[in-house]
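Each chain is listed here by its residues.
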Amino acid sequence: MSQTTADAPLSGFARFASPAVRAAIRRRLNELGGVVLGVAGLVLAVAIGTHDPADPSLSTATDRAPANLAGRLGADVSDVLVQGFGWAAWLPALVLLAWALRMFTGRGVSLLPLRLAVLALAMPLLAAALAVLPGSVSGAAGPLVSAALLVNLESLLGPIGRLGAQLALGALAVLALYVAFGLSPLEWRRAARATAHGGMAAARVGVERRHWVTRPLSWAGRTLWRAVPR
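Residues numbered from 1 in each chain as written. Predicted model: local features only at pLDDT ≥ 70, side-chain atom pairs only at ≥ 80, totals over all residues. Heavy atoms only, no water.

Student: Even after reading the chapter, I still don't get the environment of Gly164, so can you show me in this structure?
Tutor: Structurally, Gly164 is set in helix α6 (residues 159-181). Classification of Gly164 by relative accessible area gives partly exposed; the value is 34%. Placed 14 residues apart in sequence, Gly164 and Leu150 show a C-alpha to C-alpha distance of 8.7 Å. (Helix = DSSP H or I, 4+ residues; strand = E, 2+ residues; numbered from the N terminus. Buried < 20%, exposed > 50% of the residue type's maximum accessible area, 1.4 Å probe, protein only.)

Student: Please clarify how helix α3 (residues 91-104) should be interpreted in this entry.
Tutor: Because an α-helix completes one turn every 3.6 residues, residues spaced three or four positions apart along the sequence face the same direction. Helix length check: α3, at 14 residues, gives a terminal C-alpha distance of 20 Å against a target of 20 Å (1.5 Å per residue), a fit within 8%. Counted residue by residue, α3 has 10 buried out of 14 residues, so it is predominantly covered. All of the buried residues in α3 are Leu91, Pro92, Ala93, Val95, Leu96, Ala98, Trp99, Ala100, Arg102 and Met103. Taken from the residues just after α3, Gly106 is the one with a positive phi, measuring 85°. (Expected span 1.5 Å × (residues − 1).)

Student: Before we go on, may I ask you to explain a nonpolar patch on the surface in this structure?
Tutor: A surface patch of nonpolar side chains, amounting to about 350 Å² of accessible area, comprises Val35, Val39, Val43 and Phe104. Among the elements that take part in the nonpolar patch, helix α1 (residues 19-49) stands out by supplying three residues, more than any other. Along the chain, the position of Val39 falls in helix α1. Assessed through its relative accessible area of 47%, Val39 is described here as partly exposed. (Patch = residues over 30% accessible without salt bridge, like charges linked within 9 Å, V, L, I, M, F, W, Y side chains within 5 Å. Areas by Shrake-Rupley, 256 points an atom, 1.4 Å probe, with all protein chains shown as cover. Salt bridge = Lys/Arg side-chain N within 4 Å of Asp/Glu carboxyl O.)

Student: Would you take a moment to explain α1 for this structure?
Tutor: When the terminal C-alpha atoms of α1 are compared, their 44 Å separation across 31 residues agrees well with the 45 Å that a helix rising 1.5 Å per residue should span. Here α1 has its buried residues at Asn30, Gly33, Gly34, Gly38, Gly41, Leu44, Ala45, Ala47 and Ile48. Tucked inside the fold, the buried residues of α1 contact α2 (71-85) and α3. (Contact = heavy atoms within 4.5 Å.)

Student: Sorry, what's going on with the environment of Arg28 here?
Tutor: Note on placement: Arg28 falls in helix α1. Classification of Arg28 by relative accessible area gives partly exposed; the value is 45%. Residues Arg28 and Phe104, spaced 76 residues apart in sequence, show a C-alpha to C-alpha distance of 8.9 Å.

Student: Explanation requested: the pattern of salt bridges in the structure shown.
Tutor: Should the charged atoms of two oppositely charged side chains come close, the side chains can pair. By the definition in use, this model includes four salt bridges. The shortest N-O distance in the salt bridge between Asp52 and Arg64 comes to 3.4 Å. One end of the pair, Asp52, is in the loop between α1 and α2; the other, Arg64, is in the loop between α1 and α2, and 12 residues separate them in sequence. The class of Arg64 is partly exposed, set by a relative accessible area of 33%. Asp76 is paired through a salt bridge with Arg72; the nearest N and O atoms lie 3.3 Å apart. One end of the pair is Asp76 and the other is Arg72, both in helix α2 and four residues apart, which spans about a single turn.

Student: I'm lost on the side chain of Ser138 in this one. Help?
Tutor: Relative to the helices and strands, Ser138 resides in the loop between α4 (112-132) and α5 (141-157). Excluding residues within four positions of it along the chain, Ser138 makes contact with Gly84, Phe85, Gly86, Ala127, Leu130, Ala131 and Pro143.

Student: Explain the packing of α4 against α6 to me, please; I cannot follow it from the model alone.
Tutor: What describes two packed helices is the angle between their axes and the distance between those same axes. Running from amino to carboxyl end, α4 crosses α6 at an angle of 145°, the nearest separation of the two axes being 8 Å. Crossing hand, α4 versus α6: left-handed. Here α4 contributes Arg115, Val118, Leu119, Ala122, Leu125, Leu126, Ala128, Ala129 and Val132 to the contact with α6, which in turn contributes Gln166, Leu169, Leu172, Ala173, Ala176, Leu177, Val179 and Ala180. Each residue belonging to the contact of α4 with α6 can be placed in one class, and the counts come to 15 nonpolar, one polar and one charged. (Axes fitted to C-alpha atoms, helices over the stretch in contact; angles between N-to-C directions. Left-handed = near helix turned anticlockwise from the far one by under 90°. Nonpolar A, V, L, I, M, F, W, Y, C, P; charged D, E, K, R; others polar.)

Student: Would you mind showing me how to read the packing of α3 against α4 here?
Tutor: Interaxial distance between α3 and α4 falls to 10 Å at its minimum, and their mutual angle equals 150°. Here α3 is positioned roughly antiparallel relative to α4, judged by the angle of their axes. For the crossing formed where α3 meets α4, the hand is right-handed. Across from Leu91, Pro92, Val95 and Trp99 in α3, the residues of α4 making contact are Leu112, Arg115, Leu116, Leu119, Ala122, Met123 and Leu126. Class assignment for the residues of the contact of α3 with α4 results in 10 nonpolar, no polar and one charged. (Parallel < 35°, antiparallel > 145°, perpendicular 65-115°, else oblique.)

Keep in mind these values describe shape, not function.
Now the structure itself:
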């Protein structure tokens, strides 16, 4: 049976503590781990969301104070992630939040070293998959990885090789995401359902707000039209 992140610290207590005590300690460790991972994921998301290329960072020397809400460290980390992977920079934050949810709900994260390694692999794969899509931002790694795979196979097999490479790249990216997140198929379905509901709610709010704006404007336009002398 695979060992979750909360089970390792308990191995020394196994012979001394009762099952009830071990279960209680495991729950507290899971909750603590979930809080730590959740805070890390939120801070990373804030750093990426408030990334400013003009901030002082590893690639930018300036005396200005960082505008990044996560401070200088957030500016440095977001600079590496955004410049390197584009939209795929959001992946570590989302994975940390998914792990935090599993830890806080007592399900734990199994095979953590493997998932960390796959997460490191998933970022360039996702960036490369994004590089194929028009209008996407894939950073510096996306075009490099995509070109290395697509150009070589296209020169070897022609257009069929390029198409096969694109499909393989997308499949590898999806597989890496599935392993890195560590969510079960049921959790993926719930996440998709929640995302769909959230999108519908956002669209509904947008329509309502548009009505709030267009209805007064329409009323004002009709009033002015009636007031114009004929």
